[in-house]
Amino acid sequence: MRAFRLQDWLTDPVLTEVATPDPGPGEVLVRIGGAGVCHSDLHVIREFEPGQLPWRLPFTLGHENAGWVASVGPGVRGLEPGLPVAVYGPWGCGACDRCLQGVETYCERPDQAPVVQGGAGLGLDGGMADYLLVPSARHVVPLPDGLDPVTAAPLTDAGLTPYHAVRRSWAKLTPSATAVVIGIGGLGHLAVQIVKATTAARVVAVDTRPEALELARRSGADVAVAAGDDVAAVVRDETAGQGADVVLDCVGSDATLSLAVSIGRVLGDLTIVGLGGGRVPMSFFSVPFELSVQTTYWGSRPELVEVLRLAARGLLHTEVHRFSLDDVTDAYRALEEGTLTGRAVVTP
Ligand code: FEH
Ligand code: ZN
Ligand code: ZN
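Thresholds applied
Residues numbered from 1 in each chain as written. Chains lettered and ligands numbered in written order. Predicted model: local features only at pLDDT ≥ 70, side-chain atom pairs only at ≥ 80, totals over all residues. Heavy atoms only, no water. Phe/Tyr/Trp six-rings, centres within 6.5 Å; stacked < 30°, edge-to-face > 60°. Donors = N, O, S within 2.8 Å, 3.2 Å for Na, K, Ca; no water. Tetrahedral: all angles 85-135°; square planar, octahedral: opposite > 155°, others 65-115°. Helix = DSSP H or I, 4+ residues; strand = E, 2+ residues; numbered from the N terminus. Buried < 20%, exposed > 50% of the residue type's maximum accessible area, 1.4 Å probe, protein only. Near = heavy atom within 4 Å. Polar contact = N/O pair within 3.5 Å; in protein donor to acceptor, adjacent residues only side chain to side chain. Areas by Shrake-Rupley, 256 points an atom, 1.4 Å probe, with all protein chains shown as cover. Nonpolar A, V, L, I, M, F, W, Y, C, P; charged D, E, K, R; others polar. Contact = heavy atoms within 4.5 Å. Arc of directions from axis to C-beta. Pairing = 2+ DSSP bridges. Axes fitted to C-alpha atoms, helices over the stretch in contact; angles between N-to-C directions.

Draft legend 1. Spotlight on the packing of aromatic side chains. Scanning the entire structure with this criterion turns up seven aromatic pairs. Put simply, the rings of Y106, Y297 and W298 pair up and form one aromatic cluster.

So this is what it looks like as structure tokens:
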């Protein structure tokens, strides 16, 4: 089968041929219908020296996957060939408190996991390929009726990550609340929809690109403002001078985090969703009183089920740009150049 593999650290991945795996006991082979292209892959490809990540090379990229069950290993029941499925990407030990809750992102026994702090496409072979071998049936989530693997794939990361972030702030997203989403890309355009679908809060979307602001409006944002304009003034107008109850920074750079702090409300939430590497200086007077500054990392398996159900009810729409697997390098290049709106999905 074809696979887009990171062969050496700090080198460009290559599309190559590898053997199609056979599922062993408890394993599931998924024929990939869609594999989302995530900014995090660019960090993995461009930023880590040998030994910095606890992962062995080579491995196939792609941690945002959906497809159809191709075959199952001995002991697997209930996943018939042809069943459309999403793949929960974080693969923990399966037995610690966090894994038992389905929060495998925070596995507390990484030494017992198939890979330390990783999963499909993150240290182990992922879905940028014709097939994906999933080490346990618990990571395979049947798609609800009405969802297809191409549009469902982004929901496993670009949807699940902001869903986890929004869910944490539901208590503050009251009908009189305002949420600000900074960065309307793959995650941001779904973050806007998730806030609108699960709360009565108003949403202010911020981005630098007109086409992204247009996507924000199509996604339900009440206000879409260019990052170069006076965002703070717009947020003040929107919130009677109080500031945003929740700010989701899907970029996470110094500039966007500085903006996020400046528009945050006392007692609000600032959640760093993007991997921009920015910092928030923290001291008693550096942020609004009791503004909770937090990070999030991906989401849990139960939350993935909830996201899929939201989409199946027509409440989430992923803006998908398809690329064939043979054009996978074009997809990553478009992401890196910032010419995409929505999410690039590779469809083998
Ligand atoms: C992947 C690797 C490292 C950090 C964050 C991520 C996310 O894209 C997974 O949702
Ligand atoms: Zn990702
Ligand atoms: Zn665990």
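Draft legend 2. Fine view of the coordination of the zinc ion (ligand 2). Within the protein, the zinc ion (ligand 2) binds to C38 (SG), H63 (NE2) and D157 (OD); these donor distances fall in the range 1.9 to 2.2 Å. Each of the four donor atoms around the zinc ion (ligand 2) contributes to a set of angles spanning 95 to 127°, which defines the coordination as tetrahedral. Positions of the donor residues of the zinc ion (ligand 2) along the chain correspond to the pattern C-x24-H-x93-D. One end of the pair, H63, is in the loop between β4 (59–60) and β5 (65–72); the other, D157, is in the loop between α3 (149–152) and α4 (160–168), and 94 residues separate them in sequence. A relative accessible area of 5% places D157 in the buried class.

Draft legend 3. Inspection of the site of ligand 1 at higher detail. Neighbouring ligand 1 are C38, S40, H63, L122, D157, T161, L275, Y297 and W298. Note that an oxygen atom of ligand 1 is positioned 2.5 Å from one of the side-chain N or O atoms of S40. In this structure, T161 approaches ligand 1 through a side-chain N or O atom, which is 3.3 Å from an oxygen atom. When the free accessible area of ligand 1 is taken as 290 Å², the share hidden by the protein chains comes to 81%. Per-class residue counts for the shell around ligand 1 are five nonpolar, three polar and one charged.

Draft legend 4. Quick look at the coordination of the zinc ion (ligand 3). At the metal site, the zinc ion (ligand 3) is ligated by C93 (SG), C96 (SG), C99 (SG) and C107 (SG), and these contacts range over 2.3 to 2.4 Å. One way to put it: the four donor atoms around the zinc ion (ligand 3) meet at angles of 102 to 118°, and that makes the site tetrahedral. Site description for the zinc ion (ligand 3): donor spacing in sequence, C-x2-C-x2-C-x7-C. C107 gets classed as buried once you look at its relative accessible area, which sits at 10%.

Draft legend 5. Looking closely at the environment of E64. Residue position: E64 is located in the loop between β4 and β5. Classification of E64 as buried rests on a relative accessible area of 0%. The spatial distance from the C-alpha of E64 to the C-alpha of Y88 is 8.1 Å, given a sequence separation of 24 residues. If sequence neighbours within four positions are ignored, E64 has contacts with G34, A35, G36, V37, A153, P154, T156, D157, A158 and R343. Separated by 2.7 Å, the side chains of E64 and R343 make a polar contact.

Draft legend 6. Examining helix α10 (residues 328–337) more closely. Buried within α10 are the following residues: V328, A331, Y332, A334 and L335. Buried residues in α10, looked at end-on, bunch into an arc of 160°, giving them a common side. Each element contacted by the buried residues of α10 is listed here: β1 (2–6), β2 (14–17), α1 (39–47), β17 (320–324) and β18 (343–347). Once α10 finishes, G338 follows within two positions and takes phi at roughly 75°, a positive value.

Draft legend 7. Quick look at the sheet that holds β4. With antiparallel pairing, the three strands of this open sheet are ordered in space as β2-β1-β4. The open sheet is flanked by β2 and β4, the only strands paired with a single partner. Both β1 and β2 contribute to a ladder of four bridges, which runs antiparallel. Bridge pairing in β2 places R5 opposite V14.

Draft legend 8. Highlighting the sheet that holds strand β11 (residues 178–182). Strand order in the open sheet formed by six strands is β13-β12-β11-β14-β15-β16, with parallel pairing between adjacent strands. Where the open sheet ends on each side, the last strands, each with one partner, are β13 (223–226) and β16 (292–295). Between one strand axis and the next, the sheet turns by 15° as a mean value, whatever way the strands run. In this structure, strand β14 (residues 244–249) lies alongside strand β15 (residues 264–272), joined through five bridges in parallel fashion. In the sheet register, D249 faces β15, and the bridge partner there is I272. Against the sheet, helix α8 (residues 254–263) touches β11, β12 (202–207), β14 and β15, its axis set at about 155° to β15.

By themselves these figures say nothing about function.
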